[in-house]
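Breakdown of the fold
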Amino acid sequence: MLHALKKLSRRSRLAALALVPLTLLVMPVQAVEIDRWETDEGLRVLYVEAPDLPMVDLRLTFDGGAARDGDLPGLAMMTSRGLRHGTEEMDASELAERFESVGARFSTSSLRDMAIVSLRTLTEPDWMETSVGTLADVLSAPAFPEGDFERSRRQALQSLQRERQEPAVVASRRFYELMYEDHPYGSWPGGEVDTLEAITRDDARAFFERHYAAGNGSLAITGGVSREQAEELAARISAALPRGDAVDPLPPVPMREEPVEERIAFPSEQAHIFMGAPALRRGDEAHFALTLANHALGGGGFTSRLFQEVRSARGLAYSVHSRFQPMAVEGPFVINMQTGVDQTDEAVEVLREQVLRWHAEGVDPEEMEASRENVINSFPLSLASNSDIVSLLGMIGFYGLSDDYLERYVERMQAVELETMNTQLADRLNPEALVTVIVGGQED
């Protein structure tokens, strides 16, 4: 089928690629061998060959997420969006048309930790030349044109207004503010009205020059290109980036000693509840044990304790989830759910009871083995496509994880022992210092 695909016309190939069954893209875990090198400019590169399809995925990650906004919350987001607005030689429409003309997909995004620039392109030489050349043009000379920048500002301000009408967003925002206080993770990635109004094109250009530097980023490559071709791609992209070193690490996260609960009145029938605390860094070996522990609490869907207590036994919610979200510094442990406004107190009490019991007693052997089996069996799905692989490579490169992270993931999950898991759970989480935010209902 793949051989036949290569013989199709350009239009037919683009259409056929969209119909390729997902199973054809699955790569066995043991087959994911990562090549790693560094370009002359200091860009870290991770490469996995996936020759089954004539396309390649590129994912640049930079230490330039919202945590680097400084005094201008929203700056990382505005900078990321500005890269889609073209160069001095090519406006936003021309940029989009150039990528679309060769079936390429270009995107940018900004999270709390990282800024991301992605490109998917077919490996037909002239098409790949067009798409990679266009990407290099964007990275070497983004224009941040005034008209597009102002439109982006208006859209960001409108998004802030819409977010005020969404109780889940209101709850999430306040949850991070209370949990991280003055730490960079406490600011809202979407910015504030006054900072969005204050951000200038020069601010975005300066942010780009400092944070999108070759020495402050990594490039993940996977697809139908050889190691030699990957090196050429990496060298070309690296040369287009600003010169510069890695930024300083983020400051440590202040840990609360006391619980805090805040209720925010909101005209909604459902109350949105967020509960949690800073807990885990990416790369911490406790990640494997805590993933299994959380699976038993609220990460395992219908079989989890929270689901059984909150939904099955008491009918308080349609769904309830918990997760550890490791980040560059202590990312959060989070439980979130919705419930009827008149059931809020009971729901919060049940969540606290379950967290206290989970923390004090740990997970039992049967729960641990069920969690282990589920997590291990679902892991191959995280490598189900080139997009999944390049996303994981980007994460590995950004956080400096080992080359055998994917290869040994299952082995590390299998090695987790019950006593170790429960000890790490007890050490990493203080259930007496949780932040709880409830949005919904009327003021008392």
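Residues numbered from 1 in each chain as written. Predicted model: local features only at pLDDT ≥ 70, side-chain atom pairs only at ≥ 80, totals over all residues. Heavy atoms only, no water.

**A few points about the pattern of salt bridges**
For the structure on display, the rule yields 29 salt bridges. Here Glu369 and Arg372 are joined by a salt bridge, their closest N and O atoms 3.0 Å apart. Of the two residues, Glu369 and Arg372 both sit in helix H14 (residues 365-378), three residues apart, roughly one turn of that helix. Of the residues examined, Arg372 reaches a relative accessible area of 9% and is grouped as buried. The closest approach of N and O atoms between Glu411 and Arg408, which form a salt bridge, is 3.0 Å. Among the charged side chains, a network of salt bridges with common partners joins Arg173, Arg174, Glu177, Glu192 and Glu262. (Salt bridge = Lys/Arg side-chain N within 4 Å of Asp/Glu carboxyl O. Helix = DSSP H or I, 4+ residues; strand = E, 2+ residues; numbered from the N terminus. Buried < 20%, exposed > 50% of the residue type's maximum accessible area, 1.4 Å probe, protein only.)

**With respect to a negative patch on the surface**
A cluster of like negative charges, contributed by Asp91, Glu94, Glu97 and Glu100, occupies part of the molecular surface. At three residues, the largest contribution of residues to the negative patch is made by helix H4 (residues 92-101). One can find Glu97 in helix H4. (Patch = residues over 30% accessible without salt bridge, like charges linked within 9 Å, V, L, I, M, F, W, Y side chains within 5 Å. Areas by Shrake-Rupley, 256 points an atom, 1.4 Å probe, with all protein chains shown as cover. Lys, Arg positive; Asp, Glu negative; His and termini not counted. Charge placed at Lys NZ, Arg CZ, Asp CG, Glu CD.)

**Describing the sheet that holds strand S11 (residues 320-324)**
The five strands are arranged S9-S13-S10-S12-S11 in an open sheet whose pairing can be described as mixed. The open sheet is flanked by strand S9 (260-264) and S11, the only strands paired with a single partner. For this sheet the average axis-to-axis angle between neighbouring strands, irrespective of direction, equals 10°. (Pairing = 2+ DSSP bridges. Axes fitted to C-alpha atoms, helices over the stretch in contact; angles between N-to-C directions.)

**With respect to the side chain of Arg173**
Within the secondary structure, Arg173 is located in helix H7 (residues 167-180). The exposure class of Arg173 is buried, given its relative accessible area of 18%. If sequence neighbours within four positions are ignored, Arg173 has contacts with Leu160, Glu163, Trp188, Gly191 and Glu192. (Contact = heavy atoms within 4.5 Å.)

**Examining the confidence of the model for the chain**
Summary statistics for the chain give a mean pLDDT of 92 and a share of 93% for residues scoring 70 or more. For the stretch residues 1-27, pLDDT sits under 50, and the model shows 39 contacts to residues farther than four places along the chain or on other chains. (pLDDT = per-residue confidence, 0-100.)

**Some points on the packing of aromatic side chains**
Under the defined criterion, the tally for this structure stands at 18 aromatic pairs. Both rings, one in Phe175 and one in Tyr176, keep their centres 5.9 Å apart while their planes meet at 85°; by these two values the pair is edge-to-face. In this pair, the class of Phe175 matches that of Tyr176, namely buried. Here Phe398 and Tyr399 contribute two aromatic rings whose centre-to-centre distance is 4.8 Å and whose plane-to-plane angle is 85°, an arrangement assigned as edge-to-face. Summarising the burial analysis for this pair, Phe398 and Tyr399 share the class buried. (Phe/Tyr/Trp six-rings, centres within 6.5 Å; stacked < 30°, edge-to-face > 60°.)

**Concerning the nonpolar core**
Ranked by size, the top nonpolar core spans 61 residues in total, and within it Ile335, Leu351, Trp358 and Leu406 carry the most contacts. The contact partners of Leu351, leaving out residues within four places of it in the chain, are Ile273, Met275, Leu306, Val310, Val320, Ile335 and Met337. Core analysis: the next-biggest nonpolar cluster, separate from the first, contains 55 residues, Leu60, Leu75, Ala156 and Phe207 among them. (Core = buried A, V, L, I, M, F, W, Y, C linked by side-chain atoms within 4.5 Å.)

**Topic: the pairing of strand S10 (residues 270-280)**
Counted residue by residue, S10 has 10 buried out of 11 residues, so it is predominantly covered. When S10 meets strand S12 (residues 331-340), the two strands line up antiparallel, connected through 10 bridges. Bridge pairing in S12 links Pro278 to Pro332. Alignment of S10 against strand S13 (residues 435-439), held across five bridges, turns out to be antiparallel. Residue Phe274 lies in a different strand from S13, and its bridge partner there is Val437.

**Quick word on the sheet that holds strand S1 (residues 35-38)**
The strand order S1-S2-S8-S3-S7-S6 describes an open sheet built from six strands, whose pairing is mixed. A strand with exactly one partner marks an edge of an open sheet, and here the two such strands are S1 and strand S6 (105-110). Neighbour to neighbour, the strand axes of the sheet diverge by 15° on average, direction disregarded. In this sheet, strand S8 (residues 217-223) lies alongside strand S2 (residues 44-49) in parallel orientation, the contact comprising six bridges. Its bridge partner lying in S8, Val45 is registered against Leu219. Across the sheet, helix H5 (residues 125-140) touches strand S3 (55-62), S6 and strand S7 (115-122), and the angle it forms with S7 is around 160°. Packing of helix H10 (residues 227-240) onto the sheet brings it into contact with S1, S2, S3 and S8, and relative to S1 it is tilted by some 35°.

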